[in-house]
Amino acid sequence: MLKKLLKYDLHNAFKVVGVFYLLAIFFGILTRIFFSFDNSFILNIIGQICSGVTISMFFNIIINNLMRLWVNFRNNFYGDESYLTHTLPVTKKTLYLSKMLAALITLFTSICVIGITLFIAYYGKENIELVKNLLMPLASVYDSTVVGIIIAFIFVCFLELLNMLESGYVGIVLGHRMNNSKLGFSILFGFITYLCTQIVAVLGVFIAALFNKDIMNLFYTTTALDVPVIKFCIYLAVIIYGLNIIMLYFINNKLFG
């Protein structure tokens, strides 16, 4: 049954976000084509326009991915489709698990499509060297590689998106317990939940700082930190975000149940 639920949730998400995938790749291809004409001012201008549209598609993909997941969650459990959803012979935990698996798959797919589009539109020796020159100093500071920095950035962004998504789910569940203005309360509770997760992250770093004076300097000075301290803070932030996501998962299961 979980497989059927997941298939349904993925279909609902991809039928909207998929349009932006195609648009992003389409304008990425146009960007590559028009930028290949080095001696034409007009074609270069068109290429710049296509490039701008391509980049805007990246934001549209992420925003619409999150919005579609929230809308589907609300419609399935509290909208016109809720009667059918709640009559299915499955537990609410299974229903919520399907939503989370769909979120993981679609968000991962969105990031992959953005990566593929970037490759199509901008891959070239000059751009690769530009990225290396921009990130090499940062990689040196963190005792890492350019690829490592990029992977770490993508991973942190992925965790942040999941954190935002689950905060929105909490908001929807709590908002629909109100008698009036359910949508408004859903947005309010979701925003408050997201703020709470950020406070938890800061508190986690502060607690660690109580046992390490170098980390405490983050709160009282602007002095540059040693590489080991910076790496520890990054690892700690990733762990805290991961725990936040797990905590929100169980909170939603409890509230939803």
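From a predicted model like this one, the values you see are computed outputs, not experimental measurements.

Asks: Go over the overall build of the protein with me, naming the residues and quoting the values.
Replies: A count of helical and extended segments in the protein gives nine helices and zero strands. Contacts in the protein between residues at least 24 apart in sequence constitute 72% of all its contacts with a sequence separation of at least 6. Counting only carbon and sulfur atoms, one obtains 73% of the accessible surface of the protein, whose full area is about 15300 Å².

Asks: Now, about unusual backbone geometry: what can you tell me, with residues and values included?
Replies: Within the chain, Ser181 stands out as a residue other than glycine whose phi angle is a positive 50°. When you line up the elements, Ser181 lands in the loop between helix H6 (146-175) and helix H7 (182-209).

Asks: If you had to explain the side chain of Asn72 to someone new, which residues and values would you point to?
Replies: On the secondary structure map, Asn72 appears in helix H2 (residues 41-78). The class for Asn72 is buried, based on a relative accessible area of 9%.

Asks: Which residues make up the packing of H2 against helix H4 (residues 92-122), and what values do they have?
Replies: In contact at an axis separation of 11 Å, H2 and H4 are set at 170° when each is read in the N-to-C sense. Put simply, H2 runs roughly antiparallel to H4. The residue makeup of the contact of H2 with H4, split by class, is 16 nonpolar, eight polar and one charged.

Asks: Explain the packing of aromatic side chains to me, and be specific about the residues and the numbers.
Replies: All told, the structure shown has 10 aromatic pairs when counted by the stated rule. Here the aromatic rings of Phe73 and Tyr169 are separated by 4.2 Å at their centres, their planes lie at 20°, and the arrangement is stacked. With a gap of 96 residues between them, Phe73 in helix H2 and Tyr169 in helix H6 connect regions that are remote in the sequence. Pair check on accessibility: Phe73 and Tyr169 agree, each one buried. With centroids separated by 5.4 Å and ring planes inclined at 45°, the aromatic side chains of Tyr96 and Tyr249 adopt a geometry described as tilted.

Asks: Run through the environment of Leu66, naming residues and quoting values.
Replies: Here Leu66 shows up in helix H2. Linking Leu66 and Gly168, residues 102 residues apart in sequence, is a C-alpha distance of 9.2 Å. Beyond its immediate stretch of four places on either side in the chain, Leu66 contacts Leu107, Leu161, Met164 and Leu165.

Asks: Account for the packing of H2 against H6, naming residues and giving values.
Replies: With their axes 10 Å apart at the nearest point, H2 and H6 run at an angle of 30° to one another. Classed by the angle they form, the pair H2 and H6 counts as roughly parallel. Considering the relative orientation of H2 and H6, their crossing is right-handed. Of the residues in H6, those in contact with Ile62, Leu66, Leu69, Trp70, Phe73, Arg74 and Tyr78 of H2 are Leu161, Met164, Leu165, Gly168, Tyr169, Ile172 and Val173.

Asks: Can you lay out the nonpolar core for me, pointing to particular residues and giving the numbers?
Replies: With 34 residues, the main nonpolar core has Ile61, Leu66, Phe73, Leu165 and Tyr169 as its most contacted residues. Of all elements in the fold, only helix H1 (2-35), H2, H4, H6 and helix H9 (227-256) reach the threshold of two or more residues within this core. Contacts of Ile61, omitting those with residues within four sequence positions, involve Val17, Phe20, Tyr21, Ala24, Ser110, Val113 and Ile114.

Asks: A description of a nonpolar patch on the surface should follow, citing residues and the corresponding values.
Replies: A contiguous nonpolar patch, built from Phe41, Ile42, Ile45 and Ile49 and spanning about 440 Å² of accessible area, is present on the exposed surface. Tracing the backbone through its elements, the reader meets Ile42 in helix H2.

Asks: An account of the environment of Lys99 is needed here, citing residue identities and associated values.
Replies: On the secondary structure map, Lys99 appears in helix H4. In the structure, Lys99 is positioned 91 residues away from Tyr8 in sequence and 9.9 Å away in space, judged by C-alpha atoms. When near neighbours in sequence (up to four residues on either side) are disregarded, Lys99 contacts Asp9, Asn72, Phe73, Asn76, Phe77 and Tyr169.

Parameters and conventions
Residues numbered from 1 in each chain as written. Predicted model: local features only at pLDDT ≥ 70, side-chain atom pairs only at ≥ 80, totals over all residues. Heavy atoms only, no water. Helix = DSSP H or I, 4+ residues; strand = E, 2+ residues; numbered from the N terminus. Contact = heavy atoms within 4.5 Å. Areas by Shrake-Rupley, 256 points an atom, 1.4 Å probe, with all protein chains shown as cover. Buried < 20%, exposed > 50% of the residue type's maximum accessible area, 1.4 Å probe, protein only. Axes fitted to C-alpha atoms, helices over the stretch in contact; angles between N-to-C directions. Parallel < 35°, antiparallel > 145°, perpendicular 65-115°, else oblique. Nonpolar A, V, L, I, M, F, W, Y, C, P; charged D, E, K, R; others polar. Phe/Tyr/Trp six-rings, centres within 6.5 Å; stacked < 30°, edge-to-face > 60°. Left-handed = near helix turned anticlockwise from the far one by under 90°. Core = buried A, V, L, I, M, F, W, Y, C linked by side-chain atoms within 4.5 Å. Patch = residues over 30% accessible without salt bridge, like charges linked within 9 Å, V, L, I, M, F, W, Y side chains within 5 Å. Salt bridge = Lys/Arg side-chain N within 4 Å of Asp/Glu carboxyl O.

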